[in-house]
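# A closer look at the structure
Here is how the chains run, residue by residue.
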Amino acid sequence: QVQLVESGGGLVHPGGSLRVSCASSISILDIYAFGWYRQAPGKQRELVATITRGGTTNYADSAKGRFTISRDNAKNTVYLQMNNLTPEDTAVYYCYLRITILHSPSWGQGTQVTVSS
């Protein structure tokens, strides 16, 4: 029903920047929440950043001050700008979309972000 296509992952040096994108197959004008999670090998999936239909943003403590989430309603796309990256940011980043509180979330296939010198 909902397809999410992620892009923008790759290899970056510590201190570098990267922007990942997630395009939704449906309109995002009225959805409950849209955002990003990540999962490193051997660790559980964790919240990185989320933006609600009202524009409220939430960030993991590790992302505050470094990452910025934004959305483009015309393109049905959410972005995550990541600055000052560290090796601890290495993970598969997953796009997350929840249409309403009654819907289970939809997930993208993930895009690999590797921070290494």
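You'll find the structure just up there.
These numbers come from a predicted model, not from an experiment.

### Quick look at the state of the cysteines
Taken as a whole, this structure holds one disulfide when the rule is applied. With a sulfur-sulfur separation of 2.0 Å, cysteine 22 is cross-linked through a disulfide to cysteine 95. Looking down the S-S bond of the cysteine 22 and cysteine 95 bridge, the torsion is -85 degrees, so its handedness is left-handed. You can see cysteine 22 sitting in strand S3 (residues 18-24) and its partner cysteine 95 sitting in strand S9 (residues 91-98), a full 73 residues away along the chain. On the basis of relative accessibility, which here comes to 0%, the residue cysteine 95 falls in the buried class.

### Things to note about the sheet that holds strand S1 (residues 4-7)
Read across the open sheet, the four strands follow the order S1-S3-S8-S7; overall the sheet is antiparallel. Either end of the sheet is taken by a strand with one partner, and the two such strands are S1 and strand S7 (67-72). Neighbour-to-neighbour, the strand axes of the sheet open up by a mean angle of 15 degrees, direction not taken into account. Note that S3 and strand S8 (residues 77-82) share six bridges and pair antiparallel. Counted as the bridge partner of cysteine 22 is valine 78 from S8.

About the thresholds
- Counting restarts for each chain, with residues numbered from 1 along the sequence as it is written.
- It should be noted that, the model being predicted, local features are given only for residues of pLDDT at least 70 and side-chain atom pairs only at 80 or more, the latter also being counted only at that level, while totals for whole chains, interfaces and linings use all residues.
- Note that water and hydrogens are dropped before the side-chain values are worked out from all heavy atoms of the structure.
- In this description, the term disulfide denotes a pair of cysteine sulfurs within 2.5 Å.
- Elements are defined by DSSP. Helices are runs of H or I of four residues or more, strands are runs of E of two residues or more, and each kind is numbered from the N terminus.
- Each residue is assigned to one of three classes by its accessible area relative to the maximum for its type, calculated with a 1.4 Å probe on protein chains only: buried under 20%, partly exposed between the two thresholds, exposed over 50%.
- For two strands to be treated as a pair, DSSP must find at least two bridges joining them.
- For helices, the fitted axis covers only the stretch in contact; all axes are lines through C-alpha atoms, and the angles between them, taken along N-to-C directions, range from 0 to 180 degrees.

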